[in-house]
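Structural overview
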Amino acid sequence: MPNPHRSAAFTRRGALRAGAALATAGAFAGVTPAFAAGNTRQVVNPLIRQRADPFITRHRGQYYFTASVPEYDRVIIRASPTIGGLAGAQEVTVWRRPSSGVMGGHIWAPELHRIDGRWYIYFAAGNSDDVFHIRPYVLTTASEDPRVGPWTVAGRISLPLNTFSLDATTFAHRGKRYLSWAQHDPALGPGTSLYLAEMSSPVAITGTPTKLSTPTYDWETRGHRVNEGAAALIRNGRVFLTFSASATDANYCMGLLTANESANLLDPASWHKSPQPVFATHRANSQFGPGHNSFTTAEDGADVLVYHARQYEQITGDPLYDPNRHTRVQRLHFHADGSPDFGVPVADGPVDLSRHA
């Protein structure tokens, strides 16, 4: 099928036809040592170089990390008892795309979730003959250590619209599990919107999906019309859903949807979109295009924002194929009213993730 984002408003296709060069240029995955040996809450940004769409989850005293690699060809996992330790942790490839056919194209934005005693990885994949035929898929393993596996393909998440769809994330709230994802709807024109549905299992949705957000503000439509990369945070009586918007260059930024924790999350009226981005390029700190975030907690329980950003603004060619989106972390604070205060992307260097930061 044709790529819905080939228009001037949203062009994702292009540079991977020179993919061999990218594989060479993107093979480097430099790491930065932990800051202040012995202090497990202080790290140095960027935490992990050339790892975009980062996801960190904590389980039984271990932090597990996964992210997109510049080659878009595999799923990786690192583990460490501290966030800072992820920088130098061994990286294990737990799944690699097939050489042909379904899932043989781009591999994007894996997320690692522990659900009912099993590990699941949600990710987006294209096909070998059309790398932008992107759909959401799920891997699973019964292994206690997700680096060990073996991982098997649990299947594709079936959605009512069979169109470009990506960035699936899942969260549980008040006894129900939800899936949020980004998808192109031809009836809405170019770009992607955010959707939410209840799940009947870790690999299937049930009922009619709810469209939560469509790009309408100027900051959501710069370069491309994009809402994608949702991440859920349930705090202070509300459900917060961050998302990323606009092109993947310096225009990339984060928006915020908010609902009361007792509201019907499948009712679009339950959600309020903040009229301004909550996290964006900060030139004074040399941080450009921050976004596609996740959340975790520091060793002392403090909330931590995980995201990627570049250290420069000017990009040659399609920014989707510039490999230098680096994983970064910083302390997440809250306003007096209980809503998250994202601040600005901090400059490169040591960052304290502890509660007193």
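As annotated in an unreviewed UniProt entry, the protein chain is GH43 family beta-xylosidase from Amycolatopsis magusensis. A UniProt comment under Sequence similarities (unreviewed entry) is attached to the protein chain, and it reads "Belongs to the glycosyl hydrolase 43 family."

**Brief notes about the sheet that holds strand β11 (residues 176-183)**
Overall, antiparallel pairing links the 4 strands, which are arranged β10-β11-β12-β13 in an open sheet. Only two strands of the sheet have a single neighbouring strand rather than two, namely β10 (165-173) and β13 (204-213). With strand direction ignored, the average angle separating the axes of adjacent strands in the sheet is 25 degrees. Sheet topology places β10 next to β11; 7 bridges connect them, and they run antiparallel. Looking at the pairing, Ser165 lines up with Gln183 of β11.

**Focus: the sheet that holds strand β8 (residues 130-141)**
Reading across from one edge, β6-β7-β8-β9 is the order of the 4 strands in this open sheet, with antiparallel pairing throughout. If you trace the sheet from one side to the other, it starts and ends with β6 (107-115) and β9 (152-156), each paired once. Shown here is a sheet whose adjacent strand axes are inclined to one another by a mean of 30 degrees, direction ignored. Note that β8 and β9 share 4 bridges and pair antiparallel. By the bridge assignment, Thr140 is partnered in β9 with Thr152.

**Some remarks on the pattern of salt bridges**
Oppositely charged side chains are able to pair whenever their charged atoms sit close together. Evaluated as defined, the whole model comprises 15 salt bridges. For the salt bridge of Arg78 with Glu91, the shortest nitrogen-to-oxygen distance reads 2.8 Å. Remark: Glu91 occurs in the loop between β4 (74-80) and β5 (92-96) and Arg78 occurs in strand β4; sequence separation between them is 13 residues. The exposure class assigned to Arg78 is buried, which follows from its relative accessible area of 2%. The exposure class assigned to Glu91 is partly exposed, which follows from its relative accessible area of 25%.

**Looking at the environment of Ala280**
Tracing the backbone shows Ala280 in the loop between β17 (272-273) and β18 (288-297). Between the C-alpha atom of Ala280 and that of Asn251, which follows or precedes it by 29 residues, the distance is 7.8 Å. Every residue in contact with Ala280, bar those within four places of it in the chain, is listed here: Cys253, Pro290 and Pro345.

**Some details on the side chain of Gln330**
Mapped onto the fold, Gln330 is located in strand β20 (residues 326-331). The class for Gln330 is buried, based on a relative accessible area of 4%. Only 2.6 Å separates the side chain of Gln330 from the side chain of Tyr307, close enough to count as a polar contact. Once you skip the residues sitting within four places of it in the chain, Gln330 turns out to touch Phe279, Val304, Leu305, Tyr307, Phe342, Val344, Pro345, Val346, Val351 and Leu353.

**So, the nonpolar core**
Core analysis: the biggest nonpolar cluster contains 28 residues, and Trp108, Leu265 and Trp271 have the highest contact counts within it. Listing elements by their share of this core, those giving two or more residues are β6, β8, β10, β11, β12 (193-201), β15 (238-245) and β16 (253-260). With 4 residues, the single largest contributor to this core is β15.

**Looking at the layout of surface pockets**
The volume enclosed by the largest pocket comes to roughly 580 Å³. Grouping the constituent residues of the lining of the largest pocket by class yields 12 nonpolar, 8 polar and 6 charged.

About the cut-offs
Residues numbered from 1 in each chain as written. Predicted model: local features only at pLDDT ≥ 70, side-chain atom pairs only at ≥ 80, totals over all residues. Heavy atoms only, no water. UniProt positions renumbered as here; feature names shortened; annotations may be inferred. Pairing = 2+ DSSP bridges. Helix = DSSP H or I, 4+ residues; strand = E, 2+ residues; numbered from the N terminus. Axes fitted to C-alpha atoms, helices over the stretch in contact; angles between N-to-C directions. Salt bridge = Lys/Arg side-chain N within 4 Å of Asp/Glu carboxyl O. Buried < 20%, exposed > 50% of the residue type's maximum accessible area, 1.4 Å probe, protein only. Contact = heavy atoms within 4.5 Å. Polar contact = N/O pair within 3.5 Å; in protein donor to acceptor, adjacent residues only side chain to side chain. Core = buried A, V, L, I, M, F, W, Y, C linked by side-chain atoms within 4.5 Å. 1 Å grid on protein atoms, 1.4 Å probe; cavity = no way out; pocket = protein on both sides within 12 Å on 5 of 7 lines; lining within 4 Å. Points joined across faces, edges and corners; volume = space filled by probe spheres on them. Nonpolar A, V, L, I, M, F, W, Y, C, P; charged D, E, K, R; others polar.

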